[in-house]
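Below are the chains, spelled out letter by letter.
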Amino acid sequence: MKRFFVLLSFLVLAIFSYSQELSYVTFSGGTTFSSFSFTTDQQIIIKISDDGKVLEWGNQQEAGRYYGTPGKLQPYMGRVDYYGTEADSILKGKIKSIGTCNITYYGASETAEKAGKINSLGRTSLDYYSIYDNIAFRGKIKFAGNTLFSYYSNYDNEAFVGKLKSVANTTLTYYSNFDDKLIKGKIKSIGSFNYAWYSSFDSRMFQGGLKSGTLFQNVNGVVYTIM
């Protein structure tokens, strides 16, 4: 009996250790959301869009240097499979697996907000906001496993309508359209970390650039990258 419980504990730990985890949230220019990145058990990074499409996959370019080349991945040279003619028509040609990570999709019979989008990455299930939700984030990822994503609605300031509002317990804020024209819509804070940007009143060579804050910030176990 004791050996049974030891084995059971080992299996539970193994299951969790092979889960796909959200690792990176990437923005372009400090303004535009680029991707969510998940790391597989083989340390393959899979980037997906906020509406559930696979964008890119690969390995860190070089150990310890991923942060030096934001977003750049080394091509994964292992096995990648695709859905063929045997699949639902909406799935044909989509990526079926990357290494040991299987990818499933919602079929054509699902609602328009889900059809053809990623259903699961390995053991991580994805769900989406429905037609009954605000139009600004309808069809965007709502859950990845137990991680809840929220977005600003069309009732919020127009500079950040539809932008990512929170990742689990981490809240993101942005400069509004009442701020300088060069910084409106740019990230203002991620959790307790603040960002400042050079405005149109600063030297021309710095305008719109990051004034304070880091390009890479680990917040609650997720690295936010401001490319």
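Calculation rules
Residues numbered from 1 in each chain as written. Predicted model: local features only at pLDDT ≥ 70, side-chain atom pairs only at ≥ 80, totals over all residues. Heavy atoms only, no water. Helix = DSSP H or I, 4+ residues; strand = E, 2+ residues; numbered from the N terminus. Buried < 20%, exposed > 50% of the residue type's maximum accessible area, 1.4 Å probe, protein only. Contact = heavy atoms within 4.5 Å. Areas by Shrake-Rupley, 256 points an atom, 1.4 Å probe, with all protein chains shown as cover. Pairing = 2+ DSSP bridges. Polar contact = N/O pair within 3.5 Å; in protein donor to acceptor, adjacent residues only side chain to side chain. Phe/Tyr/Trp six-rings, centres within 6.5 Å; stacked < 30°, edge-to-face > 60°. Salt bridge = Lys/Arg side-chain N within 4 Å of Asp/Glu carboxyl O. pLDDT = per-residue confidence, 0-100.

Participant: What am I meant to see in the overall build of the protein here?
Facilitator: Scanning the protein from terminus to terminus reveals 1 helix and 20 strands. Split into buried and exposed, the 227 residues of the protein put 40% on the buried side. Sequence separation of 24 or more characterises 27% of the internal contacts of the protein that already satisfy a separation of 6 or more. Here the protein displays about 12,600 Å² of accessible surface, and carbon together with sulfur accounts for 54% of that area.

Participant: What is the right way to read the sheet that holds strand S2 (residues 32-39) from this model?
Facilitator: Within a beta sheet, neighbouring strands are joined by backbone hydrogen bonds and run either parallel or antiparallel to one another. On the basis of which strands lie adjacent, the open sheet formed by 7 strands has the order S5-S4-S3-S2-S1-S20-S19 and mixed pairing. With partners counted over all chains shown, the strands left at the sheet margins are strand S5 (73-74) and strand S19 (216-219), one partner each. As judged from the 4 bridges shared by S19 and strand S20 (residues 222-226), these two strands associate in the antiparallel manner. The partner of asparagine 218 across the bridge, within S20, is valine 223.

Participant: I'm lost on the environment of lysine 140 in this one. Help?
Facilitator: Assignment of secondary structure puts lysine 140 in the loop between strand S10 (124-128) and strand S11 (141-144). C-alpha separation for the pair lysine 140 and serine 150, spaced 10 residues apart in sequence, amounts to 9.1 Å. Non-local contacts of lysine 140, meaning those with residues more than four positions away in its chain, are made with Asp50, Asp51, Asp127, Tyr128, Tyr129, Tyr151 and Gly162. At 2.6 Å, the side chain of lysine 140 and the backbone oxygen of glycine 162 are in polar contact.

Participant: Help me understand the sheet that holds S10, please; the structure alone is not making it clear to me.
Facilitator: Spatially, S6-S7-S8-S9-S10-S11-S12-S13-S14-S15-S16 is the arrangement adopted by the 11 strands of the open sheet, whose pairing is antiparallel. With one partner strand each, in any of the chains shown, strand S6 (80-82) and strand S16 (193-194) form the two edges of the open sheet. Inspection of the sheet shows strand S13 (residues 164-167) paired to strand S14 (residues 170-174) by 2 bridges, in the antiparallel sense. When the sheet's bridge partners are listed, serine 166 is paired in S14 with threonine 171.

Participant: What exactly am I supposed to notice about the packing of aromatic side chains here?
Facilitator: The description of two aromatic rings rests on the distance between their centres and on the angle between their planes. Taken as a whole and assessed by the stated rule, the structure comprises 12 aromatic pairs. Taken together, the ring pairs in this structure connect Phe27, Phe33, Phe36 and Phe149 into an aromatic cluster.

Participant: Please clarify how the pairing of S19 should be interpreted in this entry.
Facilitator: Regular strands place side chains that alternate from one sheet face to the opposite one. Residues of S19 alternate between two faces, with Gln217 and Val219 buried on one and Phe216 and Asn218 left unburied on the opposite face. Hairpin connection of S19 to S20: 2 residues between the antiparallel strands, including asparagine 220 at a positive phi of 55°.

Participant: Could you clarify how one ought to interpret the environment of aspartate 202 in this entry?
Facilitator: Within the secondary structure, aspartate 202 is located in the loop between strand S17 (196-197) and strand S18 (210-212). In this structure the side chain of aspartate 202 is engaged in a polar contact, spanning 2.7 Å, whose partner is the backbone nitrogen of serine 199.

Participant: Just to check I follow, could you spell out the pattern of salt bridges for this structure?
Facilitator: Opposite charge on two side chains permits them to pair, given that their charged atoms come into close proximity. This model, assessed by the stated rule, comprises 5 salt bridges. One salt bridge connects lysine 140 with aspartate 50, and the closest N-O pair in it is separated by 3.7 Å. A residue pair is termed long-range when its members are at least 10 positions apart, and lysine 140 in the loop between S10 and S11 and aspartate 50 in the loop between strand S3 (45-48) and strand S4 (54-60) qualify at 90 residues. This pair shows no difference in class: lysine 140 is buried, exactly as aspartate 50 is. For the salt bridge of aspartate 127 with lysine 114, the shortest nitrogen-to-oxygen distance reads 3.0 Å. Residue aspartate 127 is found in strand S10, and its partner lysine 114 is found in the loop between strand S8 (101-105) and strand S9 (118-121); the two are separated by 13 residues along the sequence.

Participant: So what exactly am I meant to see when it comes to the confidence of the model for the protein here?
Facilitator: Low pLDDT means the predicted coordinates in that region are not meant to be read closely. When pLDDT is averaged across the protein, the result is 88; 87% of the residues are at 70 or more. Note on residues 1-19: pLDDT under 50 across the span, and 5 contacts to partners over four residues away in sequence or across chains.

Participant: Sorry if this is basic, but what is going on with unusual backbone geometry here?
Facilitator: Even without being a glycine, glutamine 43 presents a positive backbone phi close to 65°. Relative accessible area serves as the criterion here: at 51%, glutamine 43 is assigned to the exposed category. With a phi angle near 55°, alanine 168 is a residue other than glycine that sits in the positive phi range. Looking at where alanine 168 falls in the secondary structure, it is placed in the loop between S13 and S14.

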